[in-house]
Amino acid sequence: MAEYTPGTGKRKTSIAQVRIFQEPGSITVNGKPFEQVFPRILYRQQILRPFEVTGTTSQLRVTVKVKGGGLSGQAGAIRHGIARGLLKLNEAFRKPLRQAGLLTRDARIKERKKYGLKRARKAPQYTKR
């Protein structure tokens, strides 16, 4: 089996384990082509962004195992994992990836519900009389 460079990405409640192989190929997510898993063009563009920034489009083969969350969180986790894997592959990619904001982990997660409230911040309706 070929050598690979690993990368782990996280977004919301999604975790993506990325393996980057130094051979031309496509991106597979959970054993399926990523076009099949992510039908929306927005998510596909998000996943391909690290390759566009580093100029390595279609030069590398990527396999991804992703779990948790929805499609948006999974796409963000894959993007983060690919960026971190590319950084391990070549340290010269650090500056362009950092400038594009691809190495920063998006820490926004769902806020917990508080007691006495309907949701995290929504309070019950106030009645004066």
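As a starting point, this report considers the structure included with it. Quick caveat: nothing in here was measured; it's all calculated off a predicted structure. (Residues numbered from 1 in each chain as written. Predicted model: local features only at pLDDT ≥ 70, side-chain atom pairs only at ≥ 80, totals over all residues. Heavy atoms only, no water.)

What follows concerns the sheet that holds strand E4 (residues 32-33). Spatially, the 5 strands line up as an open sheet ordered E1-E2-E5-E3-E4, and their pairing is mixed. Looking at which strands have only one partner, the edges of the open sheet turn out to be strand E1 (4-11) and E4. Both strand E3 (residues 27-29) and strand E5 (residues 61-67) contribute to a ladder of 3 bridges, which runs parallel. Among the inter-strand pairings, Thr 28 is bridged to a residue of E5, identified as Thr 63. Contacting E1, strand E2 (14-21), E3 and E5, helix H3 (residues 71-89) runs over the sheet at an angle of about 145° to E1. (Pairing = 2+ DSSP bridges. Helix = DSSP H or I, 4+ residues; strand = E, 2+ residues; numbered from the N terminus. Contact = heavy atoms within 4.5 Å. Axes fitted to C-alpha atoms, helices over the stretch in contact; angles between N-to-C directions.)

Here we come to the pattern of salt bridges. In this structure the tally under the stated criterion is 7 salt bridges. If you follow the salt bridges from partner to partner, you end up with Arg 11, Asp 106 and Arg 108 in one network. (Salt bridge = Lys/Arg side-chain N within 4 Å of Asp/Glu carboxyl O.)

Looking now at the side chain of His 80. Mapped onto the elements of the fold, His 80 is located in helix H3. Overall, His 80 belongs to the buried group, its relative accessible area being 5%. Once you skip the residues sitting within four places of it in the chain, His 80 turns out to touch Thr 8, Gly 9, Lys 10, Leu 102, Leu 103, Thr 104 and Arg 105. (Buried < 20%, exposed > 50% of the residue type's maximum accessible area, 1.4 Å probe, protein only.)

On to the packing of aromatic side chains, then. Under the criterion given, the structure shown has 2 aromatic pairs. Across from the ring centre of Tyr 43, 5.4 Å away, lies the NZ or CZ of Arg 40, which sits over that ring. One cation-aromatic arrangement involves Arg 61 over Phe 21; the distance from NZ or CZ to the ring centre is 4.0 Å. (Phe/Tyr/Trp six-rings, centres within 6.5 Å; stacked < 30°, edge-to-face > 60°. Lys NZ or Arg CZ within 6 Å of the ring centre and 35° of its normal.)

Let us now look at the packing of helix H2 (residues 41-54) against H3. At their nearest, the axes of H2 and H3 sit 8 Å apart, and the two run at 15° to each other. Judged on the interaxial angle alone, H3 and H2 are roughly parallel. The crossing of H2 and H3 is right-handed. Contacts between H2 and H3 pair Tyr 43, Gln 46, Ile 47, Arg 49, Pro 50, Phe 51 and Thr 54 from the former with Leu 71, Ser 72, Ala 75, Gly 76, Ile 78, Arg 79, Ile 82, Ala 83 and Leu 86 from the latter. The class makeup of the residues in the contact of H2 with H3 is 10 nonpolar, 4 polar and 2 charged. (Parallel < 35°, antiparallel > 145°, perpendicular 65-115°, else oblique. Left-handed = near helix turned anticlockwise from the far one by under 90°. Nonpolar A, V, L, I, M, F, W, Y, C, P; charged D, E, K, R; others polar.)

What follows concerns the nonpolar core. Val 29 and Ile 78 are the most contacted members of the largest nonpolar core, which totals 26 residues. Elements that contribute at least two residues to this core include exactly E2, E3, helix H1 (34-37), H2, E5 and H3. Examining the composition of this core, we find that 7 residues originate from one element, H3, more than from any other. Those residues within four positions of Val 29 in sequence are excluded, and the remaining contacts are Phe 34, Val 37, Phe 38, Val 64, Val 66 and Ile 78. (Core = buried A, V, L, I, M, F, W, Y, C linked by side-chain atoms within 4.5 Å.)

All right, on to the environment of Leu 102 then. Inspection of the secondary structure puts Leu 102 in the segment after helix H4 (94-99). Separated by 26 residues in sequence, Leu 102 and Gly 76 place their C-alpha atoms 9.6 Å apart. In contact with Leu 102, not counting residues within four places along its chain, are Arg 49, Pro 50, Val 53, Arg 79, His 80, Ala 83 and Leu 97.

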